[in-house]
Amino acid sequence: MTVSVDRGERAAMVGEREGTWEQRLGRSLAPAGDESGGGGPVLFLVEGTAGTGKSRLVARLLGRPTARTAARLIVSFGADGAPVVAHEQPDAAPRGLDEELAHWRATAGPGLLVAEDVHRADQPSLTALRQLLETRPAPAACVLTYRPEELAEPGLPLGRTLAYPPELAVLRIRLAALGPQEVRRIAVSALGEARCPADFTARLHERSGGTPRVVADLVELLAEAGGARERFSVRDVDAVGVPVRLAETVLGRTAALPELPRRVVAAAAVLDEHVSAAELVAVAGLGAAEGREALLAALRGAVLSEDGDGRYGFREPLAGAAVHRELPGPVRQELHRRAADVLTRRQPVPWAQVAVHRRSGGPRGAWLRAVERAARRADLVGEHQAATALLSQTLAAPGLPQEARARLAPLLARSAVLGLGSEQTVTVLRQIVDDQELPPAVRGEVRLDLGLLLCNQVGRRAQGTVELLRAVEELSERPVLLARAMSALAMPYWPAAPWEENLSWIERAEATAERSGDPAVKMAVAVNRVAVLMNIGDPSCWQLLDALPRDSDELACRQHVARGLCNAADAAVWLGYYRRSEQLLAEGVELAVRSGAAYTEQTGRSTVLLLDWAAGRWGGLAARARELVADAGEMPVIAADAHVVLGLLALARGEWAQVEEWLAAAGSPAGEDGAVPLTATASGARIRLALARQEVAAAAQEAERAWAGLRRKGVWVWGAELAPWAAQALAAAGRPAAAEELVAEFAAGLAGRDAPSAAAALLWCRAVLAEAADEPAAAAAYFRRAGAAYGELDRPYAQALTAEGAGRCALGPVADGTATAELTGAAQRLEALGAVWDAARARATLRAHQPSEDRRAPGRPGYGDQLSPREQEVAELAATGLTNREIASTLHLSPRTVEQHVARAMRKLGRHSRQDLGRP
C-alpha cells in the first residue's frame, strides 16, 4: 500500500540572500546567453538527519527544467563507502569515480553533480571530491547530501576543511524536523480530515519527533491498521508500533556501540523523555566520569541527541520504544526501579511518571502509593483527565488488593465526573460498585459519581438516575455525599420525573447540605437550585444567580460556580435571554478553565452552538458543530447540542436527507435519555420536515408524542421550539380542536413564567390557529406581533419565518403592497442566512400572487446558455438533495416542470449529477 505524502520540507539556507536555493540553482544551470543565468558556480551542502527528506529534495531538484538539460553526474555511496554512479545510459562502460568526475568535468555546457550520502564515502572518494572542488569549480552546480550525525569529522562533510575557489558560492541547506501543523497536513492528506482530530495529530508529531520519513511510515501503518475507522485517536498512535525503518536504524546504531554507551541508551529508552546528563547517567547505573564518556559515545554514534537545553534523549521518541522493547526483562526492571528513584529527587516530584516506572520495576506497594499521590496531585491542580486515565488503568489491573481499590476508586470517580470520563471508566466503576466486599459507604460514594458520569458525560441518563437513587440509600450516614446525590436528582433536564419532583429533591438536598456544614456541597446545591428555578422560568432565579460567589478561595467551590454559570447560560438560551447567556457563558467558561473543570468547559462549547443558531450567526456554524461531534468521542451528551443544530441547519438549507441522520445520530437526544429541551426542539424539526413532505399524518403523530412528553415533564417554557409546529401539524391533520387545546395548555403553563422565547412562540401559535380557522387578518396580526417579539430577542430566523407567515396571510387574490413587502423582506433575510429552502418557498408564494400587470409577457424569454431565475432556484434546491416532488411542493410547480428545469440546468452548466449543480 502506498500513501501519498507531500511533506513540504522546511529548509534553512545559511548565507543565501538572493532567493530560494532552487532559484539559485536555476541561475547557475542556465545556458550561456540566457537572461536568467549569471549565478556562477555553486556548491549546495544539504544537511539532514536520517529521514528528513534529503533524497526527496534531490529528486525535486533533478526534476527542474534546467537540471534535466544539464550534463549530470549522480553518485551515491553505499554502506561500504564505495561510490555507485547512476548512468543515464545503462550500457555505459563502468569507470572509477576519478574517471567519472574527469569525464563529466570535460563535458561542454552547464553541468550538475549530485553526490548523495557523502557521510558514507570512503577516503578515495572524499579525496576525489575535494580535488574537484578545490582545483577548479568547472561544474555549474554541485549538490552534496549527508547526515551530520554520521560524519567522521563533525561539521566537515568532506573530511577536512577545503580551500574553496573564490568564485564558488558555498551554501548550506539544513533540513529541519516538521512542525505540528506540517505533520497534521500529512495526516489529513493521507487519512482524511474527519479522521484526524487535533489530539491525534499532536501525538503523531510528538512520537515521530517531526522526522518526515517517520511521519510518513507511521501514517501508512495507521492507514493499514485503521481500516474503515471513522476517527483516529491518541491510543492508535501508541498502539501502531515502531516503523521498521526507524527500528532497524536505531537498533543498528545501538548495536555498534560499546557496552557502557549501550547502557546509557537503554536508560534513555526507559526514561522516554529528554533529561539531564546527571539523571541519564544515574539511571544507567554509571559513575560520573564513565557516564560522561558513555554519553559522548552515544551522541557520536547518532543514537541520542541533545535538545539544545542540555537535555538528552532520542530525536524520535518512537526510537526509544524500539530499544525498550528489546531490553531483557531483568535489565528493564532494574532500569525502571532506578528511574523511579531518580525522579523522586525532582521537585516537584512527577508522581505520574514515578507510578509508571514503579509499575514496571516494582514493588507493587510503591507503585500504588505513587498512583495515589499522582491522582491527588492532579485532582488538586484540576488535571482530572490525567488522573482519570491513570486511575482507570490502575484499577483495571488484575489482583489489586481490596484496600487499595477502596482508596483509589473514589478518586477515580471524582476525577471522571469533573473531567471527561469514558466508557472504559464506566466499566471500571461498575466493577467496583458490584464488589460486595467493599464497605457500603465506599460503594455509595463511587455509585454517586458513576450516576453523575452516566447522566452527564456518557448520556445514559435513565441508568444514571437508577444509580443515583441507589446511592441515596447507601449514603444515609454521609450527609455531604448524600446532599450531592439529592442535588443531582433535582436537575430538571431529564424526562424521568416531573419538575415538582425535581424541586422536592433540591429542597431535601438543601436541608442535608446545611446539616453537613460543608461549604463545597452547599455551593453545589446552591448552583443546582439556580438551575432548577431558571429552567422552569421562575423570575426569582436571577437574584440567586447574581449572588453566586465567583472568587471563592476553595477550588471545589469555584468549580461548582463555573458549572452553575454554564448551566445558567444554557437555561438562558431556552428562555430567550441570549445576550445574558453570552455573558454568563464567557464568565463560566473562563472560570472552568481556571479551575480545571474540563467537562464544564466542553458543555460551554455546546451552548455556544445553540446561541449562534438562535442569533443567526450561521457562517461556519456547521463546521464547528461537526468538529465538536468529532471531539466528543465517547461523550455523546456533549455532542447532543451539535447534532440538533446540524439537523436544524440541514432543514433550513433543504438538505433533508441529512436532517433525520443528524437528529437520530449516536448522541442525539431521544427517548428516556434525552434532555427535554433538546428532544422538544428535535421533534419540532421532525414535524416541519414531515409537513414539508406533505406527510401530515406522520407530522401529527410526532406532535402528539412530543407534546405528551413535554406534558409529563411540565416545564412548558421548553415548548418554544415545538409548540408552533405541533399546533400546525394538528390543524393540518383536520384536528383544529386538538390544536386549540394544545395552545391553551401551553398558555396556561406559561402563566407567571419569565420566558421571552416561549411568549413569542405563543403568539406564533395563535397565528397558526387563526390561519387554520380562515381568519387571515387576525392571523397576520398575530404573526406580526410574534415577529416583533422575535426581533426584540434578536432571533432573525424566527423573525423571518413569522414575517413570511404575515405576508402569506395578508395575501388576497392579488398581493397588496404590505404583503409583498413582508414576503420580499422575509425571502431576503432567509437567503442572507443561507436558508435556501425557506427563501425559495417565500419567493414562490410571492410569485403565485403577483398582480397580473407584473407578470411577464407570454412566451419564454431568451436566456441563452444562462440559467433563468426559475432554473437557478430549482438547481439550488436540487443540489441540496431534495427530490423533484419536494421541490415541486416548495415552489408550487408540477414535478414534471421541475424535472425539465433540472435537465436544462444540468445541460447549461455541463454537470453530470444533481449534486454537482451546487458547485460554482
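Before reading further, recall that the structure is shown in the block above.
Figured I'd write up the structure that's included with this text. Nothing here was measured: the structure is a model prediction, and the numbers come from that model. (Residues numbered from 1 in each chain as written. Predicted model: local features only at pLDDT ≥ 70, side-chain atom pairs only at ≥ 80, totals over all residues. Heavy atoms only, no water.)

### Description of the sheet that holds strand β10 (residues 311-313)
What links the strands of a sheet is backbone hydrogen bonding, and the strands pair in either a parallel or an antiparallel sense. Selection criterion: Here the rule is simple: two strands pair whenever DSSP picks up at least two bridges between them. In this text, helices come from DSSP runs of H or I with a minimum length of four residues, and strands from runs of E with a minimum of two, each type numbered from the N-terminal end.
With respect to topology, three strands assemble into an open sheet ordered β8-β10-β9, the strand pairing being antiparallel. Of all the strands in the sheet, the pair left with one neighbour each is β8 (275-276) and β9 (305-306). Two strands pair when backbone bridges link them, and β8 and β10 are joined in this way by two bridges, in the antiparallel orientation. Considered in β10, the bridge of serine 276 is made with arginine 311.

### A look at the packing of aromatic side chains
The following threshold applies: Only the six-membered ring of Trp is used, alongside the rings of Phe and Tyr, when aromatic pairs are assigned; centres must lie within 6.5 Å, and planes under 30 degrees apart are stacked while those over 60 apart are edge-to-face, with the rest tilted. Buried means the residue's accessible area, taken with a 1.4 Å probe over protein chains only, is under 20% of the maximum for its type, while exposed means over 50%, and partly exposed covers the values in between. To sit over a ring, a charge needs its Lys NZ or Arg CZ within 6 Å of the ring centre and within 35 degrees of the ring normal.
With the rule as written, the count across this model stands at eleven aromatic pairs. Between tryptophan 725 and tryptophan 764, the aromatic rings sit 5.1 Å apart at their centres with planes inclined by 70 degrees, giving edge-to-face as the arrangement. Taken as a pair, tryptophan 725 in helix α35 (residues 723-732) and tryptophan 764 in helix α37 (residues 756-772) lie far apart in primary sequence, 39 residues in all. Here tryptophan 764 falls in the buried class, since its relative accessible area comes to 7%. An aromatic cluster is present here, built from Trp613, Trp618 and Tyr797 joined pairwise through their rings. The aromatic ring of tryptophan 499 is capped on one face by arginine 753, whose charged end is 5.4 Å from the ring centroid.

### What about the pattern of salt bridges?
Short version of the rule: Any carboxyl oxygen of Asp or Glu that lies within 4 Å of a side-chain nitrogen of Lys or Arg is treated as forming a salt bridge with it.
Scanning the model with the defined rule gives 45 salt bridges in all. Of the charged contacts, one joins glutamate 47 and arginine 174 as a salt bridge, the two residues approaching to 3.2 Å between their closest N and O atoms. Of this pair, glutamate 47 sits in strand β2 (residues 42-47) while arginine 174 sits in strand β7 (residues 169-175), and the two are 127 residues apart along the sequence. For arginine 174, a relative accessible area of 37% puts it in the partly exposed group. Here glutamate 771 makes a salt bridge to arginine 808, at a shortest N to O gap of 2.9 Å. Of this pair, glutamate 771 sits in helix α37 while arginine 808 sits in helix α39 (residues 796-810); the two residues are 37 residues apart in sequence, bridging distant segments of the chain. Linked by salt bridges that have partners in common, Arg430, Arg443, Arg447, Glu467 and Glu474 make up one network.

### Remarks on the environment of threonine 394
Basically, it comes down to this: The contact rule is simple, with two residues in contact once any of their heavy atoms fall within 4.5 Å. Each polar contact in these results corresponds to two N or O atoms within 3.5 Å; when the atoms are within protein, one needs to be able to donate a hydrogen and the other to accept it, and residues that are neighboring in sequence are counted only if both atoms are side-chain atoms.
Relative to the elements of secondary structure, threonine 394 occurs in helix α18 (residues 384-395). The class of threonine 394 is buried, set by a relative accessible area of 1%. When the C-alpha atoms of threonine 394 and tryptophan 367 are compared, they prove to be 9.5 Å apart, with 27 residues separating the residues in sequence. Beyond its immediate sequence surroundings of up to four residues, threonine 394 is in contact with Trp367, Leu368, Val371, Leu400 and Leu408. There is a polar contact of 2.8 Å between the side chain of threonine 394 and the backbone oxygen of leucine 390.

### A few points about helix α28 (residues 578-595)
An α-helical turn contains 3.6 residues, so a residue and the one three or four places further along point in the same direction. Under the convention used in this document: Here the expected length of a helix is defined as 1.5 Å per residue gap, with one fewer gap than residues. The reported arc concerns the directions from the helix axis to the C-beta atoms and nothing else.
Helix length check: α28, at 18 residues, gives a terminal C-alpha distance of 25 Å against a target of 26 Å (1.5 Å per residue), a fit within 8%. All of the buried residues along α28 are Tyr578, Ser581, Leu584, Leu585, Gly588, Leu591, Ala592 and Ser595. On an axial view of α28, the arc spanned by its buried residues comes to 145 degrees, and they lie on one face. Exposed and facing more than 90 degrees away from the buried side of α28 are Arg579, Gln583, Ala586 and Arg594. Those residues of α28 hidden inside the fold are in contact with α25 (519-535), α26 (541-546), α27 (555-575), α29 (598-615), α37 and α38 (776-793).

By themselves, these observations are geometric and do not establish any function.
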